[in-house]
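Observations on the model geometry
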Amino acid sequence: MELQIDPYEPCPCGSDKKYKFCCYQKAREEMHKNREELSHSDDRLNHMAQQRWGEADFEVCFGFDKEKCKPLIKGAHSIQNNRVLNRISKDGHLYHIGSKLTKSGPYPILKKISRNKASKFFGFCDYHDTEIFKPIELKDYSQEPIENYLFAFRSLTLEYHRKIRVLNQLRDNFKSFPSATLDPMSVNFYRTALLDFEDYSKDYNSFKKDYLERNFNGLRTVYRKLDFEIGFATSSAFTVQYDYKGKQINDIYFDKSVDKMPSIYVNVYPIESGTNIIISYLVEDESVYKDYFDQLESLTNEELVSHLNFLIIEYTENVFFSPELVEAMTEKEEDSLLRSFASSLDILEKFKLELEQNYFKFNLFHNSI
Ligand SMILES: [Zn+2]
Ligand SMILES: [Zn+2]
């Protein structure tokens, strides 16, 4: 990947001007300033990063017929509040993986959150949040194509919103610190964020086309029902790197040549005396995911659950735990959960956990509830 900004490409600050005529000059001037001015303490940088993440949030409606949008955009739940979150919450609360700032950077912790705030994002107006998802809000899941579509679509929009937010955050950062446009690491983050954004834009357009044509057969779905209630729920979209046998499916770090890094859509949640597992991909990504889904289909429940235990913590943050599940975990299991979560971005942490034989040594599907 090109780790320099070309003078004639759009400026990474998002101004719509060419780089040469926007932040390039500012960056050169800033480089000549006293370096002291630019060096901040780690605490301060962490604080600024969190503040920027907050500021990069934005409201949008991913509904398709924009003329029907109601002006008010409320926070939409990416996991159903009344059907799912109420089932795993206790006194209106549940847990998620939040972060605590330390000297050496943010560190994951299990944080209590009110169920009304859990899994919320600003991705739909009131009208579309209600209308689009009626088929899965008003009745139990029954393996209809439209239901599979809606679960996958909600996962997709949550992740698409997050990718745009990451890009916004980087753009704001370039605006405040033009010299970052000369830093290869910042440019690398920016290029990766742009590619992620483009991937999810393509998927969003595929979902849009199918919806407008009322074609809900554009997904392949693996569905499995467990006969016990789990103590967590997730709705997420991500690119899987390795299949069940450990063969690489997507090279997410180094392969920038492919047209798109395709995602799978994962929804796992408890229902009355059971648990639904719904996993899908767009059939346009058949060549990438067919073998993997054939594998998933052939797994026993125990094997599938153990694989999902890994996938969910490795690839998503949009997972919420019941207080019962969290309280039933031993200290060691909780440590393994949080550090395994952190290890998805930190290879050293992964080696450490493996040495301690504590890598993914917990079971989210623990049947104790
Ligand atoms: Zn600029
Ligand atoms: Zn709308």
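One structure accompanies this document, and this report is about it. Source: prediction; values computed, not measured.

Rules behind the numbers
Residues numbered from 1 in each chain as written. Chains lettered and ligands numbered in written order. Predicted model: local features only at pLDDT ≥ 70, side-chain atom pairs only at ≥ 80, totals over all residues. Heavy atoms only, no water. Helix = DSSP H or I, 4+ residues; strand = E, 2+ residues; numbered from the N terminus. Buried < 20%, exposed > 50% of the residue type's maximum accessible area, 1.4 Å probe, protein only. Contact = heavy atoms within 4.5 Å. Areas by Shrake-Rupley, 256 points an atom, 1.4 Å probe, with all protein chains shown as cover. Lys, Arg positive; Asp, Glu negative; His and termini not counted. Charge placed at Lys NZ, Arg CZ, Asp CG, Glu CD. Donors = N, O, S within 2.8 Å, 3.2 Å for Na, K, Ca; no water. Tetrahedral: all angles 85-135°; square planar, octahedral: opposite > 155°, others 65-115°. Salt bridge = Lys/Arg side-chain N within 4 Å of Asp/Glu carboxyl O. Pairing = 2+ DSSP bridges. Axes fitted to C-alpha atoms, helices over the stretch in contact; angles between N-to-C directions. Parallel < 35°, antiparallel > 145°, perpendicular 65-115°, else oblique. Left-handed = near helix turned anticlockwise from the far one by under 90°. Nonpolar A, V, L, I, M, F, W, Y, C, P; charged D, E, K, R; others polar.

**Regarding the overall build of the protein**
When you go through the protein residue by residue, the secondary structure sums to 13 helices and nine strands. Evaluated residue by residue, the protein yields a buried proportion of 49% over its 369 residues. In the protein, 74% of the contacts between residues at least 6 apart in sequence involve partners at least 24 apart. Accessible surface for the protein amounts to roughly 18900 Å². Of this, 51% is attributable to carbon and sulfur atoms. The protein carries 49 positive and 59 negative side-chain charges, and their two centres are separated by 4 Å.

**As for the coordination of the zinc ion (ligand 2)**
Each angle at a metal carrying four tetrahedral donors should ideally be 109.5 degrees, and each at a metal carrying six octahedral donors should ideally be 90 or 180 degrees. In the first shell of the zinc ion (ligand 2), the protein supplies C61 (SG), C69 (SG), C125 (SG) and H128 (ND1), at 2.1 to 2.3 Å from the metal. One can describe the site at the zinc ion (ligand 2) as tetrahedral: its four donor atoms subtend angles covering 100 to 123 degrees at the metal. Spacing between the donor residues of the zinc ion (ligand 2) along their common chain follows C-x7-C-x55-C-x2-H. Of this pair, C69 sits in the loop between helix 3 (42-55) and strand 1 (73-77) while C125 sits in strand 4 (residues 120-125), and the two are 56 residues apart along the sequence. Residue C69 is classed as partly exposed on the basis of its relative accessible area of 25%. A relative accessible area of 0% places C125 in the buried class.

**Some thoughts on the pattern of salt bridges**
Going through the model one piece at a time under the given rule, you end up with 25 salt bridges. Taking the shortest distance from any N to any O, the salt bridge between R87 and E272 comes out at 3.4 Å. You can see R87 sitting in helix 4 (residues 81-88) and its partner E272 sitting in the loop between strand 7 (264-271) and strand 8 (274-282), a full 185 residues away along the chain. Note on E272: relative accessible area 56%, which makes it exposed. Among the salt bridges present, the one from E284 reaches K260, with a minimum N-O distance of 2.8 Å. Here E284, found in the loop between strand 8 and helix 9 (286-298), pairs with K260, found in the loop between strand 6 (232-238) and strand 7; they are 24 residues apart in sequence, far enough to count as distant. Looking at E284, the relative accessible area reads 46%, which means it is partly exposed. A relative accessible area of 12% places K260 in the buried class.

**So, the pairing of strand 6**
Among the seven residues in strand 6, seven count as buried, and that is most of the element. Side chains of strand 6 alternate between two faces, with F232, T234, S236 and F238 and A233, S235 and A237 buried alike. One ladder, built from three bridges, connects strand 6 with strand 9 (residues 319-321); its direction is antiparallel. By the bridge assignment, F232 is partnered in strand 9 with F321. Bridge count between strand 6 and strand 7: five bridges; the pairing is antiparallel. Looking at the pairing, F238 lines up with I264 of strand 7.

**Structural notes on the coordination of the zinc ion (ligand 1)**
Distances from the zinc ion (ligand 1) to its protein donors, namely C11 (SG), C13 (SG), C22 (SG) and C23 (SG), fall within the range 2.2 to 2.4 Å. Taken together, the four donor atoms coordinating the zinc ion (ligand 1) and their angles of 102 to 114 degrees define a geometry best described as tetrahedral. Here the donor residues of the zinc ion (ligand 1) share one chain and are spaced in sequence as C-x1-C-x8-C-C. Pair noted here: C11 is in the segment before helix 1 (23-32) and C23 is in helix 1, with a separation of 12 residues, a long-range link. Given the relative accessible area of 2%, C11 is considered buried. Here C23 falls in the buried class, since its relative accessible area comes to 1%.

**Observations regarding the environment of E137**
Inspection of the secondary structure assignment puts E137 in helix 6 (residues 134-137). As a C-alpha pair, E137 and C22 span 115 residues in sequence and 48 Å in three-dimensional space. Discounting residues that sit within four places of it in the chain, E137 has contacts with Q80, R83 and R154.

**Re the packing of helix 7 (residues 145-176) against helix 8 (residues 184-212)**
Their axes nearest at 9 Å, the elements helix 7 and helix 8 cross at an angle of 150 degrees. Classified by the angle between their axes, helix 7 and helix 8 sit roughly antiparallel to one another. Seen along the crossing, helix 7 lies across helix 8 with a hand that is left-handed. Of the residues in the contact of helix 7 with helix 8, the class split is 19 nonpolar, two polar and seven charged.

**Structural notes on the sheet that holds strand 2 (residues 93-102)**
Read from one edge to the other, the open sheet built from seven strands follows the order 3-2-9-6-7-8-5, with strand pairing classed as antiparallel. Only two strands of the sheet have a single partner each, and these edge strands are strand 3 (105-114) and strand 5 (219-226). Each strand axis lies, on average, 25 degrees off the axis of its neighbour in the sheet, ignoring direction. Note: strand 2 against strand 3, 10 bridges, orientation antiparallel. Residue pairing across strands places L94 opposite I113, the latter belonging to strand 3.

**Digging into the side chain of R165**
Considering the arrangement of structural elements, one finds R165 in helix 7. With sequence-adjacent residues up to four places away left out, R165 is seen in contact with W53, G54, A56, D57 and F58.

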